[in-house]
Amino acid sequence: MSFDTLGLSAELLRAISEQGYTEPSPVQRKAIPIILQGKDVLAGAQTGTGKTAGFTLPLLQRLSENPLNNGRRPVRALVLTPTRELAAQVGASVQTYGRHLPLQSAVVFGGVKINPQIAKLRRGVDILVATPGRLLDHASQRTVDLSQVEILVLDEADRMLDMGFIHDIRKVMAMLPGKDARQTLLFSATFSNEIKQLANGLLNRPELIEVARRNTTAEKIEQRVHPVDKHRKRELLSHMIGAHDWRQVLVFTRTKHGANRLAQQLEKDGLSAAAIHGNKSQGARTRALAGFKSGNVRVLVATDIAARGLDIDQLPHVVNFELPNVPEDYVHRIGRTGRAGNEGEAVSLVCVDEHKLLRDIERLLKRELPKEVLEGYEPDPSIKAEPIQNGRNGKGRSQPRNQGGGRNRSRSAAKRSGNVRRESGGNSAYGNR
Ligand code: AMP
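Residues numbered from 1 in each chain as written. Predicted model: local features only at pLDDT ≥ 70, side-chain atom pairs only at ≥ 80, totals over all residues.

What follows concerns helix α12 (residues 256–268). In this model α12 runs 19 Å from its N-terminal to its C-terminal C-alpha over 13 residues, within 8% of the 18 Å that 1.5 Å per residue would give. Every buried residue of α12 is listed here: Lys256, Gly258, Ala259, Leu262, Ala263 and Leu266. Projected down its long axis, α12 carries its buried residues within an arc of 155°, all on one side. In the core, the buried residues of α12 are packed alongside α11 (233–243), β9 (249–252), β10 (273–276) and β11 (299–302). Positive phi appears at glycine 270, one or two residues downstream of α12, with a value of about 90°. (Helix = DSSP H or I, 4+ residues; strand = E, 2+ residues; numbered from the N terminus. Expected span 1.5 Å × (residues − 1). Buried ≥ 20, exposed ≤ 12 C-beta atoms within 10 Å, placed from the backbone. Arc of directions from axis to C-beta. Contact = placed C-beta atoms within 7 Å.)

Bringing the environment of alanine 274 into the picture now. Here alanine 274 is to be found in strand β10. Sequence separation between alanine 274 and valine 297 is 23 residues; the distance between their C-alpha atoms is 6.7 Å. Discounting chain neighbours no more than four positions away, the residues touching alanine 274 are Ala263, Ala288, Gly291, Phe292, Val297 and Leu300.

What follows covers the sheet that holds strand β1 (residues 41–44). Read from one edge to the other, the open sheet built from seven strands follows the order β3-β4-β2-β5-β6-β1-β7, with strand pairing classed as parallel. Looking at strand neighbours, the two that pair on one side only are β3 (105–108) and β7 (207–210), the edges of this open sheet. With direction set aside, neighbouring strand axes in the sheet form an average angle of 15°. In terms of strand pairing, β1 meets strand β6 (residues 183–188) through four bridges, oriented parallel. Across the sheet, leucine 42 pairs through a bridge with leucine 186, a residue of β6. This element, helix α6 (residues 132–140), spans β2 (77–80), β3 and β4 (127–130) of the sheet and lies at about 105° to β3. (Pairing = 2+ DSSP bridges. Axes fitted to C-alpha atoms, helices over the stretch in contact; angles between N-to-C directions.)

Strand pairing in a sheet takes place through backbone hydrogen bonds and is either antiparallel or parallel in direction. Spatially, β8-β13-β12-β9-β11-β10 is the arrangement adopted by the six strands of the open sheet, whose pairing is parallel. Two strands bound the open sheet, and with one partner strand each, they are β8 (221–227) and β10. The mean angle between the axes of side-by-side strands here comes to 20°, regardless of whether they run parallel or antiparallel. Across four bridges, β9 lies against strand β12 (residues 317–320) in parallel orientation. Directly across from phenylalanine 252, in β12, lies its bridge partner asparagine 320.

If you want it as structure tokens, here you go:
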């Protein structure tokens, strides 16, 4: 099936073919015609499924089909994302797919100066991609008007809730036209009761779209567990990278501190490495990501929240240096590899403390992961399991959702919603990533 049959305009089809896409992905096949009809959508789709083009293409088409001819340029489409990186990536997609259309777009997120964003908004923007905290900052300074929004997209809504953005989302909703007067598209990888509740309040008789979850379609990702003692993980990681000559490896740790420390240790081992997490400045995060994409940085060490939404094409290797506290995060992590039909490899280094986390993951995947003890790195059977620091040794989702606060929010935004941001050292599963 080709893109031609979906009802997209010539300008969009041209941009798609310039991207080299020949066939729509399953979520695109389902979502594009429905969104073009103006219906609300509740879509279960994870990063890596092509969901961004799935909502961006029809959104661009709808706006360009009904231009405003009164000379004004109010925000007509708003895309909310949980993280800065995802906002930047969605913004780049809007630019790419909309390059042959006369529409203006902007991206606003925290951690960078607000004035250039204000200047851009003042010049007129049709499509605004934003993280909730910075959007509210603009709203409170009256530098953005959301009263004319025709299309609202909530991207990775589950992650926005996990990050404690629910109050901010509700505040943003209060500034938009009501749900009968706008089109709303909600994308989420998972459907908790909270997501269903949010969807009930925001969507108007939505069409449901479900595409296969990554954990059932991940056959192209080879997954392996290497049992190893905690204090030998770093040595084993350096060994594997060197021995297999891995050139681009995304490594996950549970905490920001752990990410920094590991990146430093890998540098000492002679491997170019950078850490990416919520405490880094936006500039440092962008630099680390750019270095990784260009091949100058061989190992990118990331926490779950920082890595969420990273779009790195054809990433061959993902390593779980530490297993995540929340089993669903394992699926998100390995979704970084084997993307858009490419083969990938996901390796987990698992110490005795993490056996329960591994069992939780295997229960979610409904299968056991192959285990391989590597010669010279056999676990010492006399080492007993210890509780995991910086996260409960159990289900992170039982933690209060708002403890971690939003990564992107300014302090004022955190205060506005009554959440206290815990910068570090917290033992919430979400508090220190
Ligand atoms: P997403 O799930 O939106 O993050 O997209 C995942 C990746 O798939 C991105 O790198 C896109 O550029 C790519 N992609 C999206 N749609 C297609 C398509 N129809 N064919 C090939 N690649 C695609």
